[in-house]
Amino acid sequence: MELWYSEYQTEHVRFSLKVKRELFNQQSDFQHVAIIDTNEFGRALTLDGCLMVTEKDEFIYHDMIVHVPMATNLDIKKVLVIGAGDGGTVRELTRYESIESIDMVEIDPLVVKACKEHLPQTACKLDDPRVKIFYEDGLKFVRRKEKEYDLILVDSTDPFGPGEGLFTKEFYGNCYNALKEKGILVNQHESTYYEAYVEAMKRAHQRIKETFPIARVYQAHIPTYPSGHWLFGYASKHYDPLKDLKEEEWNALGLKTKYYNTKLHQGCFALPNYVKEQLNEEE
Amino acid sequence: MKYTQQNAPIYEALLKHKKNRVVPFDVPGHKGGRGIPELTEFLGADCLKVDVNSMKPLDNLIHPVSVIKAAEELAAEAFGANAAFFMVGGTTAAVQAMIMSTCKAGDKIIMPRNVHRSSINALVVCGAVPVYVNPGVSHRLGIPLGMSVSDIEAAILRNPDAKAILVNNPTYYGICSNLKEIVKLAHGHGIKVLVDEAHGAHFYFGEQMPVNAMAAGADMAAVSMHKTGGSLTQSSFLLCQNDIEPGYIRQIINLTQTTSASYLLLSSLDIARKHMHLNGREIVAKTLELAEYARAEINKTGGYYAFSSELIDGDTVFDFDRTKLSVHTAEIGLAGVEVYDLLRDEYGIQVEFGDMGNLLAVISAGDRSFEIERLISALSEIKRIYGKDKVGMLNHEYIDPEVAVTPQEAFYDAKKSVLLKDGIGHISGEFVMCYPPGIPILAPGERITKDIIEYIIYAKEKGSSLTGPQDMAVEHINIIDF
């Protein structure tokens, strides 16, 4: 007997993984949470049937969401992470000794519970003393903060579910407010290869651009995400991700990374033409 | 067959009809949607299949004898009324049926001036004469309140021949009058009490709600089931009790009601009544919880004032519907309608309406906390980005109208179109109102004053959507005395 997990990446495109066994399967107040063990990609977390992380390629996503802003400003001390219940983003952050506190706001406790039990590869640092987990709506949490964080990472689900509020203008405005004067915001920015996501991505970028003086988009290759081509949004009140890259200082930290390096950092902001057109960006 | 509140007779008959696969050689011509694939694709085949005409097993709204009759009886029971009528022309039709069944041409009807246009429309149709009672006004918020019992008593003493009194309860903002006392007073003078309960369908099902019209002893009530009761837009209930004769009401309704009532609307009323009867208590409790949370958070933002039961004063604010989320915006230097526009254009959030100083968001059991958080956050952002000092806000006064001729006479009289400012001192031949809320600034037969014209111009500047006049741009107004 063969057991396959399939994600509908679009109405007409399916992405399938052969499953060894199911490790976790529960409905929370917010979404359906499952962890499966797959032959090729190792353990994988799915929310409402959508693939979130797999053991085999999670390093790409987590490297890129964390090290790009960290190499731009090495003085980051206070970080807010929104979403990220799998713990991968927090794990990468904890590698920086200079970071003093990491507030993580995850709406769904069940995601954290499932990952702590079955995805130790990403969830291993959630008990770090610098990490404080708040089980709350991200939009609500950030609304109450003012000039508190050096960095906000939005590691959310798609804009069509519990993560919906994290792609809105009010959220970006609230983030702006919650960041210190030189703060940086990085968010997962979806992909635009498939038509269904184009509008949401364009709107998100437009709204970030209206809110922050510096707003750029960068890319990574993540095999298990729809189309394999994924985008991140970088926004800041002060730091330009290319001009302010601290290449030598970051390399001097000696952090071993599997995907990120400072050459890639400089390259990842160069986007394919079709994406540039969608973003309406000039060279 | 004996039906209980667990049943929905029209819905059940439609299910049976669908199962029977009757061959349709009657209207509608789309024949279960086959005739118009694009619409079927859009609305869904299941929906089109029950868009059917009246027929023997489905009864007829014009003269109900079977399933519609049963459904109306269940509705009457659920609302504590003697009789209930399914309305498919909106609450507008229900309000008009109330007025037309109690007033004939020349009869007087006492009403607050801040009634919905549907009430004054009814006067245009039937020729009744309005006797206006000033609603109370909150100067701080710039909104009309409920009617004071002593003002009503004075109006009754001046007009002992009045046939009916119309109360809008609750108002759009959620403000309730002292309905029980008004009923006692009116009945003491042989006057019928009609309640425009468009915004109060949930009063019949929730706990800790203001008193509903039937419980207060009113004679008739128009209840927008589609607003807070969950049925489809345009569907509504008309309720009556005491010595109102249901057969006569049916005749009045049939004067203007369609003979092809939509079974989509009828079944939605039927199912919504069942749903509210069975689950209304939890639904209203959830709505209340969301509204109270949003109110507290918005008030914490500062600048905004999401008002509630602290307004209660025992008279013009006798009670308050706490499921309503009304927010006073003028203190952040923005008109309610400006915040309304920003919410929609910049934040993708549609609220019910914005007037000069306030906006109203409708909260219901369909809301989730995510959406509530978005609204709160967007309001706090609007304050941060667009907020300014409170300057140049027109302090809206209730404009007391002089009724020069009846609405009917003015409406049908010969008219001349003049520039707004040239209309001052003349008698208006038409309505002017902001929509929503659809409360006339000016009604046919009323004298046009400088205050009224200034208010119209101010409302236009602030971006209110003005409706009513023949001149769609609202630069001219029709007068009848020239």
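What counts and how
- Within each chain, residue numbers correspond to sequence positions counted from 1 in written order.
- Think of it this way: whatever chain is written first is A, whatever ligand is written first is 1, and the rest follow in order.
- Residue-level local features of this predicted model are given only where pLDDT is at least 70; pairs of side-chain atoms are given and counted only at 80 or more, and the full residue set underlies all totals for whole chains, interfaces and linings.
- A run of H or I in DSSP becomes a helix once it reaches four residues, and a run of E becomes a strand once it reaches two; helices and strands are each numbered from the N terminus.
- The globule rule used here is 2.2 Å times the number of residues to the 0.38 power, and the radius of gyration it is set against is calculated over C-alpha atoms.
- A residue is called partly exposed when the number of other C-beta atoms within 10 Å of its own lies between 12 and 20, exposed at 12 or fewer, and buried at 20 or more, with C-beta atoms placed from the backbone.
- Pairs of strands are assigned from DSSP output, requiring at least two bridges between the strands.
- A pair of residues counts as a contact when their C-beta atoms, built from backbone coordinates, are separated by no more than 7 Å.
- Orientation is described by lines fitted to C-alpha atoms, with helices fitted over the stretch in contact, and by angles between N-to-C directions that extend from 0 to 180 degrees.
- By this rule, a helix spans an expected 1.5 Å times one less than how many residues it contains.
- For this quantity, the arc is that covered by the directions from the helix axis to the C-beta atoms.
- Put simply, Ala, Val, Leu, Ile, Met, Phe, Trp, Tyr, Cys and Pro go in the nonpolar bin, Asp, Glu, Lys and Arg in the charged bin, and everything else, Gly too, in the polar bin.
- Handedness of a helix crossing follows the sense of rotation of the near helix relative to the far helix, less than a right angle counterclockwise being left-handed and clockwise being right-handed.
- pLDDT is defined as a per-residue confidence score from the predictor, taking values between 0 and 100.
- By definition, a nonpolar core groups buried Ala, Val, Leu, Ile, Met, Phe, Trp, Tyr and Cys residues that connect through C-beta atoms lying within 7 Å of each other.

1. Regarding the overall build of chain A
Here is step 1 of the chain: Within chain A, the secondary structure is distributed over 10 helices and 12 strands.
Here is step 2 of the chain: For 283 residues, the compact-globule formula gives about 19 Å, and the C-alpha radius of gyration of chain A, at 18 Å, lands near that figure.
Here is step 3 of the chain: If one aligns the C-alpha atoms of chain A with their principal axes, the spans along those axes are about 55 × 45 × 35 Å.
Here is step 4 of the chain: Looking at chain A as a whole, 48% of its 283 residues are labelled buried.

2. Points about the sheet that holds strand β14 (residues 353-354) of chain B
All names here are of chain B.
Here is step 1 of the chain: Taken in spatial order, the 4 strands make up an open sheet running β11-β13-β15-β14, and their pairing is antiparallel. Lying at the two open borders of the sheet, with one neighbouring strand each, are β11 (305-306) and β14.
Here is step 2 of the chain: Two strands pair when backbone bridges link them, and β11 and strand β13 (residues 324-328) are joined in this way by 2 bridges, in the antiparallel orientation. Pairing of Tyr305 across the sheet is with His328, part of β13.
Here is step 3 of the chain: In this fold helix α11 (residues 263-301) packs onto β11 and β13, with an angle of close to 15° to the strand it touches most, β13.

3. Looking at unusual backbone geometry
Residues and elements named next belong to chain B.
Here is step 1 of the chain: Residue Pro28 follows Val27 across a cis peptide bond; omega there is 0°.
Here is step 2 of the chain: Inspection of the secondary structure puts Pro28 in the loop between α1 (9-20) and α2 (37-43).
Here is step 3 of the chain: Across the junction of Asn169 and Pro170, the peptide omega takes the value -5°, indicating a cis bond.
Here is step 4 of the chain: Within the chain, Gln208 stands out as a residue other than glycine whose phi angle is a positive 55°.
Here is step 5 of the chain: Residue placement: Gln208 occurs in the loop between β8 (192-197) and β9 (220-223).
Here is step 6 of the chain: Located in the positive-phi region is Val474, a residue other than glycine, with phi close to 55°.
Here is step 7 of the chain: Assignment of secondary structure puts Val474 in the loop between β19 (466-467) and β20 (476-479).

4. Let's talk about the environment of Leu51(A)
All names here are of chain A.
Here is step 1 of the chain: Note that Leu51 resides in strand β5 (residues 50-54).
Here is step 2 of the chain: Judged by the 22 C-beta atoms lying within 10 Å of it, Leu51 is buried.
Here is step 3 of the chain: For Leu51, the residues in contact, after removing those within four places along its chain, are Glu7, Ala44, Thr46 and Thr224.

5. Looking at helix α7 (residues 195-211) of chain A
Residues and elements named next belong to chain A.
Here is step 1 of the chain: Here α7 contains 17 residues, and its C-alpha end-to-end distance of 26 Å stays within 8% of the 24 Å for a straight helix at 1.5 Å per residue.
Here is step 2 of the chain: Those residues of α7 not exposed but buried are Tyr197, Met201, Ala204, His205, Arg207, Ile208 and Thr211. One face of α7 carries all of its buried residues, which in axial projection span an arc of 165°. Seen from the buried face of α7, the exposed residues on the opposite side, beyond 90 degrees, are Glu195 and Glu199.
Here is step 3 of the chain: Buried residues along α7 sit against α6 (169-178), β11 (214-221), β12 (229-236) and α10 (273-279).

6. Regarding the interface of chain A and chain B
Here is step 1 of the chain: Between chain A and chain B, the contact holds 14 residues from the first and 13 residues from the second.
Here is step 2 of the chain: For the side of chain A that touches chain B, the secondary-structure elements that each account for two or more residues are α5 (138-143) and α6 of chain A.
Here is step 3 of the chain: When its residues are assigned to classes, the side of chain A that touches chain B shows 3 nonpolar, 5 polar and 6 charged.

7. Observations regarding the packing of α6(A) against α7(A)
Residue and element names in this part refer to chain A.
Here is step 1 of the chain: Here α6 crosses α7 at 35°, and the two axes come no closer than 9 Å. Where α6 crosses over α7, the two elements pack in a sense that is right-handed. Between α6 and α7, the contacting residues are Lys169, Tyr172, Gly173 and Tyr176 on the first element and Arg207, Ile208 and Thr211 on the second.
Here is step 2 of the chain: Here the contact of α6 with α7 is built from residues that sort into 3 nonpolar, 2 polar and 2 charged.

8. Focus: the confidence of the model for chain B
Here is step 1 of the chain: For chain B, the mean per-residue pLDDT works out to 92, and 97% of the residues sit at or above 70.
Here is step 2 of the chain: Both scores are available for the predicted complex, with the pTM at 0.85 and the ipTM at 0.79.

9. Observations concerning the nonpolar core
Here is step 1 of the chain: Within the largest apolar cluster, 153 residues are counted, with the highest numbers of intra-cluster contacts made by Ile99(B), Ile165(B), Phe237(B), Leu238(B) and Leu239(B).
Here is step 2 of the chain: Take this core: its biggest share by element is 12 residues, from α11(B).
Here is step 3 of the chain: The residues contacting Phe237(B), other than those within four sequence positions of it, are Ala75(B), Phe79(B), Ala84(B), Phe85(B), Phe86(B), Met87(B), Val223(B), Met225(B) and Leu269(B).
Here is step 4 of the chain: Listed in part, the 76 residues of the second largest apolar core include Ile102(A), Val142(A), Ile152(A) and Val186(A).

10. A look at the packing of helix α4 (residues 67-79) of chain B against α11(B)
All names here are of chain B.
Here is step 1 of the chain: Between α4 and α11, the shortest axis-to-axis distance is 10 Å and the interhelical angle comes to 35°. Crossing of α4 against α11: the hand is left-handed. In contact with Ile68, Ala71, Leu74, Ala75 and Ala78 of α4, α11 contributes Leu266, Asp270, Arg273 and His277.
Here is step 2 of the chain: A breakdown of the residues in the contact of α4 with α11 according to their chemical character gives 6 nonpolar, 1 polar and 2 charged.

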